[in-house]
Amino acid sequence: MSVWALLMAAGSGERMGLGRNKVLADLCGKPVLLRSAEAFETAVDGMVVVVQPRDEAEARALLPAARFAHGSATRQQSVLAGLRALPEDADVVLVHDAARPLVSREVIRRCIAAVRAHGSGVASVPVKDTIKRCAPDGTVLETPPRAALRAAQTPQAFHPAQLRRAIEALEAQGVQATDDAAAMEAAGHPVFLVEGDPRNLKLTTPEDMTMAAALAGQEEGSMRVGHGYDAHRLTEGRALVLCGVEIPHEKGLLGHSDADVALHALMDALLGAASMGDIGRRFPDSQEQYRGISSVTLLETVAAELAQAGYTVENVDVTILAQRPKLQPYMAEMTARTAQALGICPRRVSVKATTTEGMGFEGAGEGISAHAVALLRTGG
Ligand code: CTP
Ligand code: MG
């Protein structure tokens, strides 16, 4: 058996109102399409992603290992295009709306088990609201008994050849079904429902995005703490730069970059919190491009990479150990500079300094060291 996922991403997300396809939007720091694809990764032998040509490059960059097909005007036609792009040996297809990024592995597993046992497996949930069938003017025509009603979700698993013939038959009649199960029903195939998940929302309107973000945040949202430490030697003929601010002093810190010891400790704390290595690894001394570079620029790079990885900075705290010069007059500017580079509010940044009462290398004025802690938030 070769099991394939068909990820439907060829809509335009009109009702979401983002001005672009909603499946390429971020949900808690990760694109919706990528979240949907990741849910299937371990369950399938391959994936066909159906996209509009205008979204193809962006989607391919997210999912380099997937096959791609071009969608059409209606979802049904897009599904057909995707089915035609499946390999010959695919004997199970899981059609899934990429706009359902919170699908669980358990629901996917149930769909696959059902298609093997019963020939189809469609995720569905009991209906919570009482459903009314009504006339266009709003007059209620009928209230079907709720206990017998289910809301169909995706994934919907079928044998690809059967689904393809069922959809081709509907297309020939000019009928558009709103889900794939309906095409199978119209072709006379029994459709088997499996338990879906109320959290498996289809992102349709902006409030769905808010709810999905809360759910994703609940599952993944966590705080991560990191610590950083650095020390540099004081020497004549160098500028003293701390937290991006040049401080008048007869000596400055020695280093390959501007030797901003405070920001170095801070970057290590941030990278540490994200388990993304350290600055030595990210910006090696051996590379000429980092000679004399402003550590503010490096911090901006780290901040962008953290954001890319889905982290937001909750707060940071930096302690500078220096016997001299007195840093208090520059503290507000150092804090503002650091916050600006991180792209966060200064209230989330603390910079402080202490002497070591003459003890150690800081006390002797041989060097300055700094400690930093950073707290990152993931998810919601
Ligand atoms: N879809 C598709 N091809 C279409 C229409 C929809 O592949 N011609 C996909 C969408 O990308 C989405 C899923 O089918 O993942 C469900 O459709 P829907 O929620 O209606 O998404 P959109 O059509 O993008 O949104 P809207 O109807 O608001 O424009
Ligand atoms: Mg649509």
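Cut-offs applied
- Residues numbered from 1 in each chain as written.
- Chains lettered and ligands numbered in written order.
- Predicted model: local features only at pLDDT ≥ 70, side-chain atom pairs only at ≥ 80, totals over all residues.
- Heavy atoms only, no water.
- Helix = DSSP H or I, 4+ residues; strand = E, 2+ residues; numbered from the N terminus.
- Contact = heavy atoms within 4.5 Å.
- UniProt positions renumbered as here; feature names shortened; annotations may be inferred.
- Buried < 20%, exposed > 50% of the residue type's maximum accessible area, 1.4 Å probe, protein only.
- Expected span 1.5 Å × (residues − 1).
- Near = heavy atom within 4 Å.
- Polar contact = N/O pair within 3.5 Å; in protein donor to acceptor, adjacent residues only side chain to side chain.
- Areas by Shrake-Rupley, 256 points an atom, 1.4 Å probe, with all protein chains shown as cover.
- Nonpolar A, V, L, I, M, F, W, Y, C, P; charged D, E, K, R; others polar.

Here we look at the environment of Leu 376
So, step 1. Tracing the backbone through its elements, the reader meets Leu 376 in strand 18 (residues 367–378).
So, step 2. Sequence separation of Leu 376 and Val 92 is 284 residues, and the distance between their C-alpha atoms is 41 Å.
So, step 3. In this view, Leu 376 contacts Ser 222, Met 223, Arg 224, Leu 270, Ala 273, Ala 274, Leu 306, Tyr 311, Thr 312, Val 313 and Glu 314; residues no more than four positions away in its chain are not counted.

Re the UniProt feature "binding site: a divalent metal cation" (unreviewed entry) in the chain
So, step 1. Feature annotation in UniProt places "binding site: a divalent metal cation" (unreviewed entry) on Asp 230, His 232 and His 264, given in this structure's numbering. Spatially, the listed residues are clustered: although they cover 35 residues, their C-alpha atoms lie within 10.1 Å of one another.
So, step 2. Relative to the helices and strands, Asp 230 resides in strand 12 (residues 222–236).
So, step 3. Residue classification places Asp 230 among the buried positions, given a relative accessible area of 17%.
So, step 4. If we ignore the near neighbours within four places in the chain, the residues touching Asp 230 are Val 261, His 264, Ala 265, Ile 368, Ser 369 and Ala 370.

Section: helix 4 (residues 105–118)
So, step 1. In a regular helix each residue adds 1.5 Å, so 14 residues correspond to 20 Å; helix 4 covers 20 Å between its end C-alpha atoms and thus fits that length.
So, step 2. Its buried side turned inward, helix 4 meets strand 1 (2–8), helix 1 (32–40), strand 6 (90–97), strand 7 (121–126), strand 10 (150–158) and strand 11 (193–195).
So, step 3. A positive backbone phi angle near 90 degrees is found at Gly 119, which sits one or two residues after helix 4.

Notes on the site of ligand 1
So, step 1. Residues in contact with ligand 1 amount to 18 residues; listed here are only the nearest, Met 8, Gly 13, Glu 14, Ser 78 and Lys 202.
So, step 2. A distance of 3.0 Å is found between an oxygen atom of ligand 1 and a backbone nitrogen or oxygen belonging to Gly 11.
So, step 3. The separation between an oxygen atom of ligand 1 and a polar main-chain atom of Gly 13 is 2.7 Å.
So, step 4. Across the complex, the protein chains shield 88% of the 560 Å² of accessible surface that ligand 1 would expose by itself.
So, step 5. The class makeup of the residues in the shell around ligand 1 is 6 nonpolar, 6 polar and 6 charged.

Concerning unusual backbone geometry
So, step 1. For the bond from Thr 154 to Pro 155, the omega torsion is 5 degrees, close enough to zero to count as cis.
So, step 2. Mapped onto the fold, Pro 155 is located in strand 10.
So, step 3. Located in the positive-phi region is Ala 259, a residue other than glycine, with phi close to 60 degrees.
So, step 4. If you trace the backbone, Ala 259 turns up in the loop between strand 15 (251–253) and helix 8 (261–273).

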